[in-house]
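Now for the letters of each chain:
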Amino acid sequence: WEFNGSFYQPSAFLMMGIPGLEAFHHWISIPFFLLYFIALLGNGMILFIIKKTQSLHEPMYYLLSMLAVTDLGLALCTLPTTMGIFWFNLRRIGFDACLTQMYFIHILSLSESSVLLAMAFDRFVAVSHPLRYPAILAKSTIIKIGLAIILRSMLSLLPLPFLLKRLTYCKKTELSHSFCFHPDIMNLACADIKVNVFYGMIILLSTVGMDFIFIVLSYILIIKTAISLATKDECLKTLNTCVSHICAVLIFFIPMIGLSMIHRFGRNIPPLVNTLVAYTYLIIPPALNPIIYSIKSSHIRGALLRALRKKS
């Protein structure tokens, strides 16, 4: 591939595993495979249990189903390229295939952020307006929320692939990760990327940034309501219903914010740190979310045990 100053796009990009540890990729693949296996099995079980258990057909568990679908999608988006590198050293990915993977990764990430916001609203209504909870979050409302999340994610991120396709690229075609990420692809361009940077920041702040702010506001109101309860036991019992969601929010937003900051401002950060934060952002939440909810939710735990007994 030669760059002669005219418009140029590479036929493919080269993805990277864990820099400096290429000789150990086969061993490193074992924990990654286990995380993917847990993510696929755990979220699949969550969906199966909620579908089969009539008592779980409630707003909270419908939203949990959306979270499980999003986590399944994230795991399936990155699994082929990540394990392809670790197992077979398959680093090459076509230009259009890379843009497609990037688009779906960003859609699913934005959808997860939106679902976590909807779950925060669910917890706020359950704590602050328990008598009106079934009426406010009726099944039709949950369906509308789901459709709004999908449309918001797809439409707001639709320009990204086209903004990248208009750029001309240099000889360097090596990505920083084992998956395609918008800032990573954008930084390989030889052209002016101000539009890409500006649009990416606007979308990040107006979607994920606003989601996080509203989640924090929801919990301020939840804590205020819990403190106003008559006894300490009631207060703790109320806050205990939010523990799973708080954990899901933390394990998603902390690495996501960290990765965004690294790509935009962390020029001197070692590549290994960048890679580990990226894997934490995309692989850890799908694997941990079903575990967290299974441990904290006695309803899901009970339904799972009943299903296992019935099968045995």
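Here, every reference points to the structure presented above.
All values derive from a computational prediction rather than experimental measurement.

Engineer: Can you help me understand the overall build of the protein chain in this one?
Structural biologist: Regarding its fold elements, the protein chain presents 12 helices and two strands. Scanning the protein chain from its N terminus toward the C terminus, one meets helices and strands in the order β-α-α-β-α-α-α-α-α-α-α-α-α-α. On C-alpha atoms alone, the protein chain measures out to a radius of gyration of 21 Å, which is about the 20 Å that the 2.2 N^0.38 rule sets for 312 residues. Based on the C-alpha atoms only, the size of the protein chain along its principal axes is roughly 70 × 45 × 35 Å. Per-residue burial over the protein chain gives 48% buried out of 312 residues. Taking as baseline every contact in the protein chain between residues at least 6 positions apart, the subset at least 24 positions apart corresponds to 79%. Across the protein chain, the centroid of the 25 positively charged side chains sits 7 Å from that of the 13 negatively charged ones.

Engineer: Explain the side chain of Ser65 to me, please; I cannot follow it from the model alone.
Structural biologist: Structurally, Ser65 is set in helix 2 (residues 59–88). The exposure class assigned to Ser65 is buried, which follows from its relative accessible area of 15%. If we skip the residues at most four places from it in the chain, Ser65 touches Leu47 and Ile50.

Engineer: Whenever I open this one, the packing of helix 10 (residues 243–265) against helix 11 (residues 271–296) confuses me. Can you help?
Structural biologist: In a packed pair of helices, the relevant descriptors are the angle between the two axes and the axis-to-axis distance. One way to put it is that helix 10 packs onto helix 11 with a least axis distance of 9 Å and a crossing angle of 170°. In terms of axis orientation, helix 10 runs roughly antiparallel to helix 11. Per-class residue counts for the contact of helix 10 with helix 11 are 17 nonpolar, seven polar and one charged.

Engineer: Is there a simple way to explain helix 2 in this structure?
Structural biologist: One full turn of an α-helix is made of 3.6 residues, so residues set three or four places apart face in the same direction. In a regular helix each residue adds 1.5 Å, so 30 residues correspond to 44 Å; helix 2 covers 43 Å between its end C-alpha atoms and thus fits that length. Within helix 2, 22 of the 30 residues are buried, leaving the element largely enclosed by the surrounding structure. Positioned one or two residues after helix 2, Asn89 has a phi angle of 55°, which is positive.

Engineer: Sorry, what's going on with the packing of helix 3 (residues 95–128) against helix 10 here?
Structural biologist: Running from N to C, helix 3 and helix 10 point in directions that differ by 150°, and their axes come no closer than 11 Å. Crossing hand, helix 3 versus helix 10: left-handed. Contacts from Ser109, Glu112, Ser113, Leu116, Met119 and Ala120 in helix 3 reach His245, Ala248, Val249, Phe252, Phe253 and Met256 in helix 10. Among the residues forming the contact of helix 3 with helix 10, the class breakdown is eight nonpolar, three polar and one charged.

Engineer: Explain the pattern of salt bridges to me, please; I cannot follow it from the model alone.
Structural biologist: Close approach of charged atoms lets side chains of opposite charge pair. Scanning all chains against the criterion turns up four salt bridges. Two residues, Asp96 and Lys165, come together in a salt bridge whose shortest N-O distance is 3.0 Å. Of this pair, Asp96 sits in helix 3 while Lys165 sits in helix 6 (residues 159–165), placing them 69 residues apart in sequence. The class of Lys165 is partly exposed, set by a relative accessible area of 33%. Where Arg152 meets Asp211, a salt bridge forms, and the shortest distance between an N and an O atom there is 3.1 Å. You can see Arg152 sitting in helix 5 (residues 139–157) and its partner Asp211 sitting in helix 8 (residues 194–227), a full 59 residues away along the chain. In this structure Arg152 comes out as partly exposed when scored by relative accessible area, which is 27%.

Engineer: Explain the packing of aromatic side chains to me, please; I cannot follow it from the model alone.
Structural biologist: Any aromatic ring pair is given by two values, namely how distant the centres are and how the planes are angled relative to each other. Overall, the coordinates contain 14 aromatic pairs when judged by the stated rule. Centre to centre, the rings of Phe86 and Tyr279 are 6.4 Å apart; their planes meet at 45°, and the pair counts as tilted. With a gap of 193 residues between them, Phe86 in helix 2 and Tyr279 in helix 11 connect regions that are remote in the sequence. Here Phe86 matches Tyr279 in class, with each residue buried.

Engineer: For this particular structure, what's the right way to read the state of the cysteines?
Structural biologist: Counted according to the given criterion, the structure contains two disulfides. The partner cysteine of Cys98 in its disulfide is Cys180, sulfur to sulfur 1.9 Å. An S-S torsion of about -120° defines the bridge between Cys98 and Cys180 as left-handed. Here Cys180 lies in the loop between helix 6 and helix 7 (182–186) and Cys98 lies in helix 3, a separation of 82 residues in the sequence. The same class applies to Cys98 and to Cys180, which are both buried. The residue that forms a disulfide with Cys170 is Cys190, at a sulfur-sulfur distance of 1.5 Å. With Cys170 in the loop between helix 6 and helix 7 and Cys190 in the loop between helix 7 and helix 8, the pair connects residues that are 20 residues apart, well separated along the chain. Residue class for Cys190 comes out partly exposed when judged on its relative accessible area of 34%. Regarding the disulfides, the protein chain carries the connectivity 1-3, 2-4 under sequence-order numbering of its bonded cysteines. In this model Cys235 remains outside any disulfide bridge; the closest cysteine sulfur is found in Cys242, 10 Å from its own. With a relative accessible area of 16%, Cys235 lands in the buried category. Considering cysteine sulfurs only, Cys242 is the nearest to Cys247, which forms no disulfide, with 11 Å between them.

Here is what the cut-offs are and how they apply
Residues numbered from 1 in each chain as written. Predicted model: local features only at pLDDT ≥ 70, side-chain atom pairs only at ≥ 80, totals over all residues. Heavy atoms only, no water. Helix = DSSP H or I, 4+ residues; strand = E, 2+ residues; numbered from the N terminus. Rg over C-alpha atoms; globule rule 2.2 N^0.38 Å. Buried < 20%, exposed > 50% of the residue type's maximum accessible area, 1.4 Å probe, protein only. Contact = heavy atoms within 4.5 Å. Lys, Arg positive; Asp, Glu negative; His and termini not counted. Charge placed at Lys NZ, Arg CZ, Asp CG, Glu CD. Axes fitted to C-alpha atoms, helices over the stretch in contact; angles between N-to-C directions. Parallel < 35°, antiparallel > 145°, perpendicular 65-115°, else oblique. Nonpolar A, V, L, I, M, F, W, Y, C, P; charged D, E, K, R; others polar. Expected span 1.5 Å × (residues − 1). Left-handed = near helix turned anticlockwise from the far one by under 90°. Salt bridge = Lys/Arg side-chain N within 4 Å of Asp/Glu carboxyl O. Phe/Tyr/Trp six-rings, centres within 6.5 Å; stacked < 30°, edge-to-face > 60°. Disulfide = S-S within 2.5 Å.

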